[in-house]
Amino acid sequence: MQIFLYGILLAGAMVSVATQAGDRVYTADQTSNTVSVIDPATNKVLGSIHLGQDVPAALSPLYSGELLVHGLGFSPDHKTLDVVSIGSNSVTLIDTETNTVKGKIYVGRSPHETFFRPDGRELWVAVRGENYISVIDPVRQREVRRIETANGPGMVMFRPDGKYAFVPSSFTPEMDVIDTASYKVVARVSQTSPFSPNLAVDQDEVWFTLKDSGKTQVVSAKPPFGTLTVLDTGPITNHVTLITNSAGRFAYISVGGKDEVLVYRRSQGSAPALVATIKTGDLPHGIWGSGDGRRIYVGLENGDGVQAIDTLTNQIIATIPVGQLPQALVYVANATTSDAGVANLKPLGPATEALHLELVPPAGVSSAAHASVSINSLGPIDNVQVAASGLKPGGTYRLVLAGGSQAQDLVIFSAGIGGTAIPQSFGPLKHSVGRSQPAPVMHLEVRSGESGVGDLVLRQVEAPAKTSHR
């Protein structure tokens, strides 16, 4: 029997132990409503767990599947995967041995992320569309209490000893610290900006990302939970994970607006030091490390893929296709102990191609603005997602389909305080803007203002578009 050195993850901190092969990497695929399953021993996708249907079928009043599969967590014994679906207000529990659904719990409006307590007795869900943590009994599969927090709790993670839970907000500049014995908020830490979607925790520190301002805040995990530093990490700072390996202690942060993963060395008593910048594919989002800290896996939201990084060289060693618009990603050591670990998995989906485009400033314009575009087929229509950075903070913009007899506005959006935005729209777009014809008539633009002509800010690059094959 082949043995690998992996580890158990407790609330974001890696503790190396020897475990059998059978590890899995999971991604929450928001648009295809699937969970992709990767074998990290081979860096190959094994298939997907289908939790719902495509739009527009998913918009039917009779629809009973999951919608906007987004968040992921897992139990301390690594045998249950918990999956948050934002649009259907649900948490789905999946058996990692058989890849089958063993329960579903409905919670409040627009949950975002969830995780088990280190003792496994409860599952805590951040109900971002409201102002509380929903505490779930995973055996009875029902809510047993609510813990009021600042409006818009984005995620919840626990200190490895289980004494405290940390909850940053996506709507309010406040991170709450909850005493898990009393279920009371015992500290309220000021966030540098309001929008935090993600955090990682070990016994010493809490790292949480600030997607709106492009920063990462580091707070002590011990009372009085003071802020240690605030790092300028870049536009669309998405997720963070903490690892330990033979080279030391590190934090890896995905920065979507620059298509980068930043690597910080963590030293006791010293400020974090940036030691590497890793160029990735389009819009890196979810990120997690293996138990031994030798690999990092990062999901590419606008690339419909996952990239594996060797942490001793900080080089990308594999790119793996997954479902559409992957959001959260987790690495679960020893998730399966038998051949049943590949049971009940389905192919990623119909044999289609996602279209990937780049938008840049028009010729002669000096600007930091830039955008990546992913267009995915959803049955009879397409979903287009734009990840833009370098815009005027607070500015209003339109995504425009131009080049035909009349330009058509697809969506009106505003840039956040960091000059970033991730608007989406639907329509039969892939054929219109693709490069399958010698001289396509139409193309995508970003223009300023809510209506009228407006200034041209970004224009589709004329080079051949990239595609990802399913």
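This one's a predicted model, so the numbers in the text were calculated from it and none came from an experiment.

**A look at the nonpolar core**
Here is step 1 of the chain: Tyr 26, Leu 81, Phe 166 and Val 206 are the most contacted members of the largest nonpolar core, which totals 46 residues.
Here is step 2 of the chain: Take this core: its biggest share by element is 5 residues, from strand S30 (residues 326-332).
Here is step 3 of the chain: Not counting residues up to four positions away in its chain, the partners in contact with Leu 81 are Tyr 26, Val 35, Leu 72, Gly 73, Phe 74, Thr 92, Leu 93, Ile 94, Thr 96 and Val 330.
Here is step 4 of the chain: If you look at the next biggest cluster of nonpolar residues, it comprises 25 residues, including Ala 369, Val 384, Leu 444 and Leu 458.

**With respect to the sheet that holds strand S7 (residues 80-85)**
Here is step 1 of the chain: Pairing in this open sheet of 4 strands is antiparallel, and the strands run S6-S7-S8-S9 from one edge to the other. Of all the strands in the sheet, the pair left with one neighbour each is strand S6 (69-74) and strand S9 (100-106). Neighbouring strand axes in the sheet, compared pairwise and without regard to direction, differ in orientation by 25 degrees on average.
Here is step 2 of the chain: Inspection of the sheet shows S6 paired to S7 by 5 bridges, in the antiparallel sense. Note that in S7 the partner of Leu 72 across the bridge is Val 83.

**Considerations on the pairing of strand S31 (residues 353-360)**
Here is step 1 of the chain: In this sheet, strand S32 (residues 370-378) lies alongside S31 in antiparallel orientation, the contact comprising 5 bridges. Bridging from a neighbouring strand, Glu 358 pairs with Ser 372 of S32.
Here is step 2 of the chain: Sheet topology places S31 next to strand S38 (residues 456-460); 2 bridges connect them, and they run antiparallel. Residue Val 360 lies in a different strand from S38, and its bridge partner there is Arg 459.

**Focus: the sheet that holds strand S26 (residues 284-289)**
Here is step 1 of the chain: One open sheet accounts for 4 strands, arranged S26-S27-S28-S29; its pairing is antiparallel. Looking at the sheet topology across the chains shown, the edges are occupied by S26 and strand S29 (315-321). Neighbour to neighbour, the strand axes of the sheet diverge by 25 degrees on average, direction disregarded.
Here is step 2 of the chain: For strand S28 (residues 305-310) and S29, the ladder comprises 6 bridges, and the chain directions are antiparallel. Looking at S29, one finds that Val 306 is bridged to Ile 320.

**Looking at unusual backbone geometry**
Here is step 1 of the chain: Omega for the peptide link from Pro 223 to Pro 224 comes to 5 degrees, which places this bond in the cis form.
Here is step 2 of the chain: Mapped onto the elements, Pro 224 comes out in the loop between strand S20 (215-220) and strand S21 (227-232).
Here is step 3 of the chain: Positive phi, close to 60 degrees, is recorded for Tyr 183, a residue that is not glycine.
Here is step 4 of the chain: In this structure, Tyr 183 sits in the loop between strand S16 (174-179) and strand S17 (184-190).
Here is step 5 of the chain: Relative accessible area serves as the criterion here: at 15%, Tyr 183 is assigned to the buried category.

**Considerations on the side chain of Arg 447**
Here is step 1 of the chain: If you trace the backbone, Arg 447 turns up in strand S37 (residues 443-448).
Here is step 2 of the chain: Here Arg 447 is in contact with Thr 396, Tyr 397, Arg 398, Val 400, Val 453, Gly 454, Asp 455, Leu 456 and Val 457, once residues within four sequence places are set aside.

**As for the side chain of Thr 31**
Here is step 1 of the chain: Note that Thr 31 resides in the loop between strand S3 (24-29) and strand S4 (34-39).
Here is step 2 of the chain: The exposure class assigned to Thr 31 is buried, which follows from its relative accessible area of 9%.

**Overview of the pattern of salt bridges**
Here is step 1 of the chain: Scanning the model with the defined rule gives 20 salt bridges in all.
Here is step 2 of the chain: Note that Asp 409 is salt-bridged to Arg 398, the shortest N-O span being 3.0 Å. With Asp 409 in strand S35 (residues 408-414) and Arg 398 in strand S34 (residues 396-402), the pair connects residues that are 11 residues apart, well separated along the chain.
Here is step 3 of the chain: The exposure class of Asp 409 is partly exposed, given its relative accessible area of 37%.
Here is step 4 of the chain: Put simply, Arg 459 and Glu 445 hold a salt bridge, and the shortest N to O gap is 3.9 Å.

Calculation criteria
Counting of residues starts from 1 at the beginning of each chain's written sequence and follows it residue by residue. Given that the model is predicted, a residue must reach a pLDDT of at least 70 before its local features are reported, and side-chain atom pairs must reach 80 or more before they are shown or counted; all residues, however, enter totals for whole chains, interfaces and linings. Hydrogen atoms and water are omitted, and side-chain values are computed over all heavy atoms in the structure. Side-chain atoms within 4.5 Å link the members of a nonpolar core, which is a set of buried Ala, Val, Leu, Ile, Met, Phe, Trp, Tyr and Cys residues. Only protein chains enter the accessibility calculation, which uses a 1.4 Å probe; a residue whose area is less than 20% of its type maximum is buried, one above 50% is exposed, and one in between is partly exposed. Helix and strand definitions here come from DSSP, where helices need a minimum of 4 consecutive H or I residues and strands a minimum of 2 consecutive E residues; each element is numbered from the N-terminal end. Contact between two residues is taken to exist if any of their heavy atoms lie within 4.5 Å; hydrogens are not considered. Pairing between strands is defined by DSSP: at least two bridges between the two strands are required. Helix axes use the C-alpha atoms of the stretch in contact, all axes being lines fitted to C-alpha atoms, and the angles between their N-to-C directions lie in the range 0 to 180 degrees. Basic side-chain nitrogens of Lys or Arg form a salt bridge, by our definition, when they fall within 4 Å of a carboxyl oxygen of Asp or Glu.

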